[in-house]
Amino acid sequence: MRMNKSGGNLPSSVNIAPLRRVSPSRFFRMNCCRLREVLISNNNEKLLPSSPNMYFGITAHNFLQNVGRGNITKEDFDNEWLSSITVLERQMLGTREEYLVPFNKSLRGYELKKRLLFKEASELIEVVGGKYKSNNKTFPGLERWFETGDSIVGGYIDKLAFTDTGIEIIDYKTGSIFNNDTHEIKEEYKYQMLLYAALLYENLNEWPSALKVYGLNGVIHSIYYSKEECIKVLNKAKEMFYEINELILENNNFIELQKYLANPAPEHCQYCEFRPLCNSYWEKREQSPHLNWNHDIRGHFESLKTLGNGTLLLKVKSATSIFKVRGLNPNRHLISISEGSFFSIYNLLADTNDNCFREKLTTVIYTNQQDM
Ligand code: SF4
């Protein structure tokens, strides 16, 4: 079986430069953890694999854009989609995300998601083709860039619909729109749309008549807003931009900078690809072990044994516990051991016994400590 070994040593340096802009689609996440957004905006290599849903979402969004621009016809849906997914899968071969290939196996509900996407794309063709049965007059092309006069906040709005009652801002979402706990539209989408409304006003001197989020199931959700709220969020985004950049310019030591920018919490760190670099994450989870953190462990090498079935059993000792990780595939991980080796292991499956874990598809092992 084809395998790409994951993990190994952490990078010896991190790119950190001031932000150039705040994007409405990233504002909410930036509010959750500024460090993660700074690392992403500086194109640092992701150290943990992303979810297949994220890749599906990006590919689906590009697909819809091309449909909206008239580059893909209904007859081409299957071929064009297959070719986009094939390109993506080829790019992943040989990377730490190779395990996602093929997508139709790694992504739960792949076929259903694809069918819903095609349904959305068919409706889009009708809208763009002018067959939309509504009062709407014109449908300019998809995606239009808007930014503030000082260029601090800016992003592409998926679509503007000029209707009899005013301009509607439309955003297409390919994932779940509602928060599972509150059953309300996710806050990140709400803030994104509020920022778009403020950007529209700043550029066209007109507030939108509606903010609408289109789901893949064809359902349209409206977000109600007040002008004051939009202005407040826009000001908050600018404040955050200045604060972050000031901190970056004042602190050239990454570990020091983390203290100001990181905001570790289970819900923020759960999908963060930079956990291996983040001391704040480890400190916080060690201070608050009762919280619902990811199954990640770290500590010094204790022992490594090959089991009867050919998999590895690794024991790692932290200040308080000895962790056992069984079922490690020796072909998957770069495990180099020397005196006092330090391991941090991510995305494990918890076993029934305390401090015992197993490997899963996304498990990654790093074999040194971050000291930049
Ligand atoms: S691990 Fe958590 S605190 Fe650290 S950068 Fe990621 S989200 Fe932020």
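You'll find the structure just up there.
This section reports on the structure supplied with the text. All of these numbers come straight from a predicted model, not from anything done at the bench. (Residues numbered from 1 in each chain as written. Predicted model: local features only at pLDDT ≥ 70, side-chain atom pairs only at ≥ 80, totals over all residues. Heavy atoms only, no water.)

## Structural notes on the overall build of the protein chain
Stage number 1. Scanning the protein chain from terminus to terminus reveals 11 helices and 13 strands.
Stage number 2. Its C-alpha atoms give the protein chain a radius of gyration of 23 Å, within 12% of the compact-globule value 21 Å for 372 residues.
Stage number 3. Principal axes of the C-alpha set define a box for the protein chain whose edges measure 70 × 50 × 35 Å.
Stage number 4. The proportion of buried residues among the 372 residues of the protein chain is 48%.
Stage number 5. Within the protein chain, residue pairs in contact and separated by at least 24 positions form 64% of the contacts whose partners lie at least 6 positions apart.
Stage number 6. Element-wise, carbon and sulfur atoms account for 47% of the exposed surface of the protein chain, whose accessible area totals about 19300 Å².
Stage number 7. With 45 positive and 44 negative side-chain charges, the protein chain shows a separation of 5 Å between the mean positions of the two kinds. (Helix = DSSP H or I, 4+ residues; strand = E, 2+ residues; numbered from the N terminus. Rg over C-alpha atoms; globule rule 2.2 N^0.38 Å. Buried < 20%, exposed > 50% of the residue type's maximum accessible area, 1.4 Å probe, protein only. Contact = heavy atoms within 4.5 Å. Areas by Shrake-Rupley, 256 points an atom, 1.4 Å probe, with all protein chains shown as cover. Lys, Arg positive; Asp, Glu negative; His and termini not counted. Charge placed at Lys NZ, Arg CZ, Asp CG, Glu CD.)

## A few points about the nonpolar core
Stage number 1. Ranked by size, the top nonpolar core spans 58 residues in total, and within it L35, I169, I244 and L261 carry the most contacts.
Stage number 2. Shared between two domains, this core takes at least three residues from each, and those domains are domain 2 (144-225) and domain 3 (295-372).
Stage number 3. In terms of nonpolar packing, the next biggest core, distinct from the first, is built from 25 residues, Y55, F63, F77 and L124 among them. (Core = buried A, V, L, I, M, F, W, Y, C linked by side-chain atoms within 4.5 Å. Domains from an automatic or database assignment.)

## Here we look at unusual backbone geometry
Stage number 1. In this structure, the amide linkage connecting V101 to the following residue, P102, adopts the cis form with an omega of -5 degrees.
Stage number 2. By the secondary structure assignment, P102 is in the loop between helix 4 (77-92) and helix 5 (103-106).
Stage number 3. The residue S151 is not glycine, and still its phi comes out positive at about 65 degrees.
Stage number 4. One can find S151 in the loop between strand 1 (144-147) and strand 2 (154-157).
Stage number 5. Taking the relative accessible area as the measure of exposure, S151 reaches 25% and is therefore partly exposed.
Stage number 6. With phi around 60 degrees, N355 is a residue other than glycine that occupies positive phi space.
Stage number 7. Looking at N355, the relative accessible area reads 32%, which means it is partly exposed.

## Focus on the site of the ligand
Stage number 1. Close contacts around the ligand come from C33, L35, R36, A262, N263, P264, H268, C269, C272, R275, C278 and Y281, and that covers them all.
Stage number 2. In the shell around the ligand, the residues fall into eight nonpolar, two polar and two charged. (Near = heavy atom within 4 Å. Nonpolar A, V, L, I, M, F, W, Y, C, P; charged D, E, K, R; others polar.)

## Some words on the side chain of H268
Stage number 1. Mapped onto the fold, H268 is located in helix 10 (residues 266-269).
Stage number 2. In this structure, H268 is in contact with C32 and N263, ignoring residues within four places of it in sequence.

## Here's the deal with the packing of helix 3 (residues 52-68) against helix 4
Stage number 1. Following both chains from N to C, one finds helix 3 and helix 4 inclined at 140 degrees, their axes separated by 11 Å at the closest point. The orientation of helix 3 with respect to helix 4, classified from their angle, is oblique. In this structure, the crossing between helix 3 and helix 4 has a hand that is right-handed. The segment helix 3 lies against helix 4, with Y55, F56, T59, A60, F63 and V67 engaging F77, E80, W81, S84, I85, L88 and M92.
Stage number 2. Its residues assigned to classes, the contact of helix 3 with helix 4 comprises 10 nonpolar, two polar and one charged. (Axes fitted to C-alpha atoms, helices over the stretch in contact; angles between N-to-C directions. Parallel < 35°, antiparallel > 145°, perpendicular 65-115°, else oblique. Left-handed = near helix turned anticlockwise from the far one by under 90°.)

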